[in-house]
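The chain contents come next:
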Amino acid sequence: MGCVNHMKEESCESLVMNGQNGQTDVLEPHEWRHKTIVAGVEWKNPVGTASGTFQLDACGDYYDVSQLGVICTKGVSPVPWEGNPAPRTAESPAGMVNAVGLQNPGVDHYLVDELPRLKKLGATVVTNVAGHSDEDYAQVVEKLADSSADMLEINVSCPNVSHGGMSVGTDPKALHRLIANLRAMTDKPMIVKLSPNVTDIVEIAHAAVDAGVDALSLINTLVGMRFDIETGKPIIANRTGGVSGPAIFPIGLGFVWRVRQALPTIPIIGIGGIDSGEKALEYLYAGANAVEVGAASLIDPTAPVRVARELDDLLDSRPDLAAKLANGQTW
Ligand SMILES: Cc1cc2nc3c(=O)[nH]c(=O)nc-3n(C[C@H](O)[C@H](O)[C@H](O)COP(=O)(O)O)c2cc1C
């Protein structure tokens, strides 16, 4: 999950390694039959990793990372962030709750380490951008503007001090201001990753599109928590966290469908609870152009490639959908 090994907290890598229990096979490369195009960028297949759930050092041993549609990185901040205290995760029915807190080594490290390593391996890279203020986001985007990143994904679910501590993803005006500012800084294809923790997702999506983004991705995690019944206290040190995994699959689908009904032409990347080609296909029918696989990778690091292969097979018998995808449209 883009976290660095020298940071002492419960690491993202340990989550991945615990999940696969040493039983994961190394996957041989695959000839993809069905590609897609998102905001002018060709994806070798419609499946990428979801931010925060892929780490090159943990996953690169199991598959050729250039095989994926894209690799979406852990959130990158202007300076190193240590993340939240442990415990940072809790299991939940058909999913998990996490409050990793965007631990990452910062944009300068990213530019000389993770990004060149991913590009050298032939990956198409979506750089996820994190910030606690509008200025934070601007600093990261400025440094990424001339980088080799193929796309930027702006995570607007982070608490934002420019917006009274609330995430800008919950307020259309604040979101429009932030994105219009970032849009003016770079021509790189820009995705805004929407938060589901809102009353009206369509209003928020319109604000992002009006500010000039090229694509939307949704959903990020939903706010949740677990309690330890012996102590009566929250399990996660941060108390609340974000819920992900199969439990949020129908919720993500519903969000994607509503945004697609309202915005027929904007490229959409569907996220939430995807762990099979069938579930990815449902997102495409809901109106997504592509998908990202998140928590499933923490159980099996090869999950995104497996989902992509299953989807490739399913698209063989759906030529109309495959043709639309190849042209960058599913609606
Ligand atoms: C451990 C963990 C870390 C995450 N870190 C990020 C992050 O840095 N930036 C971001 O935009 N989303 C982050 N997410 C959210 C995922 O990218 C995804 O939107 C969410 O988990 C829903 O998809 P899923 O059900 O397939 O996991 C994280 C999720 C998990 C489980």
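- Within an unreviewed UniProt entry, the label attached to the chain reads Dihydroorotate dehydrogenase, and the organism entered is Bifidobacterium commune.
- The Catalytic activity (unreviewed entry) field of the UniProt record for the chain holds the comment "(S)-dihydroorotate + A = orotate + AH2".
- Under the Sequence similarities (unreviewed entry) heading, UniProt states for the chain: "Belongs to the dihydroorotate dehydrogenase family. Type 1 subfamily."

## What about the pairing of strand β14 (residues 241–244)?
- Note: strand β6 (residues 95–98) against β14, three bridges, orientation antiparallel. Pairing of M96 across the sheet is with S244, part of β14.
- Relative to β14, strand β11 (residues 222–224) is paired through three bridges, and the arrangement is antiparallel. Across the sheet, L222 pairs through a bridge with V243, a residue of β14.

## Side note on unusual backbone geometry
- Between A86 and P87 the backbone carries a cis peptide bond, its omega angle lying at -5 degrees.
- Along the chain, the position of P87 falls in the loop between β4 (71–72) and β5 (89–92).
- At the junction of L218 and I219, the peptide bond is cis and its omega measures out at 20 degrees in the coordinates.
- Positionally, I219 belongs in the loop between β10 (215–218) and β11.

## Looking at helix α9 (residues 277–286)
- Taking burial as the measure, the ten residues of α9 include eight buried ones, the bulk of the element.
- Buried residues of α9: G277, K279, A280, L281, E282, Y283, L284 and A286, and no others.
- Next to the buried residues of α9 lie β3 (47–49), α8 (249–262), β15 (268–271), β16 (290–293), α11 (303–316) and α12 (319–326).

## Considering the UniProt feature "active site" (unreviewed entry) in the chain
- UniProt tags C158 as "active site" (unreviewed entry).
- Within the element layout of this structure, C158 appears in the loop between β8 (151–155) and α6 (172–183).
- Aside from chain neighbours lying at most four places away, what touches C158 is L102, A130, G131, H132 and S167.

## Notes on α6
- Between the first and last C-alpha of α6 there are 16 Å, a value that for twelve residues agrees with the 16 Å anticipated at 1.5 Å per step.
- For α6, the set of buried residues is A174, L175, L178, I179 and L182. Projected down its long axis, α6 shows its buried positions confined to an angular sector of 120 degrees, all on one face.
- Of the surrounding secondary structure, the elements contacted by the buried residues of α6 are α5 (134–144), β8, β9 (190–193) and α7 (201–210).

## Considering the sheet that holds β15
- In space, the eight strands of this open sheet follow the order β3-β16-β15-β10-β9-β8-β7-β4, with parallel pairing throughout. Of all the strands in the sheet, the pair left with one neighbour each is β3 and β4.
- Sheet analysis places β4 next to strand β7 (residues 125–129), joined by two bridges and oriented parallel. Directly across from I71, in β7, lies its bridge partner V125.
- Relative to the sheet, α5 contacts β7 and β8, its axis offset from that of β7 by approximately 155 degrees.
- Strands β10 and β15 of the sheet are contacted by α8, whose axis makes an angle of about 165 degrees with β15.

## A look at the site of the ligand
- Not every one of the 26 residues close to the ligand is listed here, only the nearest: G52, G75, S244, G294 and A295.
- Of the residues belonging to the shell around the ligand, the class tally is ten nonpolar, 14 polar and two charged.

## Quick notes on the UniProt feature "binding site: substrate" (unreviewed entry) in the chain
- UniProt marks K74, N98, A99, V100, G101, L102, N155, N220 and T221 with the feature "binding site: substrate" (unreviewed entry), using the numbering shown here.
- Looking at the element boundaries, N98 is found in strand β6.
- Judged by C-beta crowding, with 29 C-beta atoms within 10 Å, N98 ranks as buried.
- With residues up to four places along the chain from it excluded, the contact list for N98 reads R88, T89, G241, G242 and S244.

## As for the sheet that holds β6
- If you trace the four strands from one edge of the open sheet to the other, you get β5-β6-β14-β11, paired in antiparallel fashion. Each edge of the sheet is formed by a strand with only one pairing partner; in this case those strands are β5 and β11. Neighbouring strand axes in the sheet, compared pairwise and without regard to direction, differ in orientation by 35 degrees on average.

The rules behind the values
- In every chain, residue numbers begin from 1 and rise along the written sequence.
- In keeping with the model being predicted, local features are shown solely for residues with a pLDDT of at least 70 and side-chain atom pairs are shown and tallied solely at 80 or more, while totals for entire chains, interfaces and linings include all residues.
- UniProt positions are given in the numbering used here, feature names are shortened, and annotations may be inferred rather than shown by experiment.
- Whether two strands pair comes down to DSSP finding at least two bridges between them.
- Comment: elements are numbered from the N terminus, with helices defined as DSSP H or I runs of at least four residues and strands as E runs of at least two.
- A residue is called partly exposed when the number of other C-beta atoms within 10 Å of its own lies between 12 and 20, exposed at 12 or fewer, and buried at 20 or more, with C-beta atoms placed from the backbone.
- C-beta atoms are first placed from the backbone for all residues, and any pair lying within 7 Å is then listed as a contact.
- Helix span, as expected, comes to 1.5 Å for every residue beyond the first.
- The directions considered for the arc are those from the helix axis to the C-beta atoms.
- Throughout, an axis means a line fitted to C-alpha atoms (over the contacting stretch in the case of helices), and angles, computed between N-to-C directions, take values from 0 to 180 degrees.
- By convention here, the C-beta atom is placed from the backbone, and a residue is near a molecule or strand when that atom is within 6 Å of it.
- All amino acids are sorted into three groups, where Ala, Val, Leu, Ile, Met, Phe, Trp, Tyr, Cys and Pro are nonpolar, Asp, Glu, Lys and Arg are charged, and the leftover types, Gly among them, are polar.

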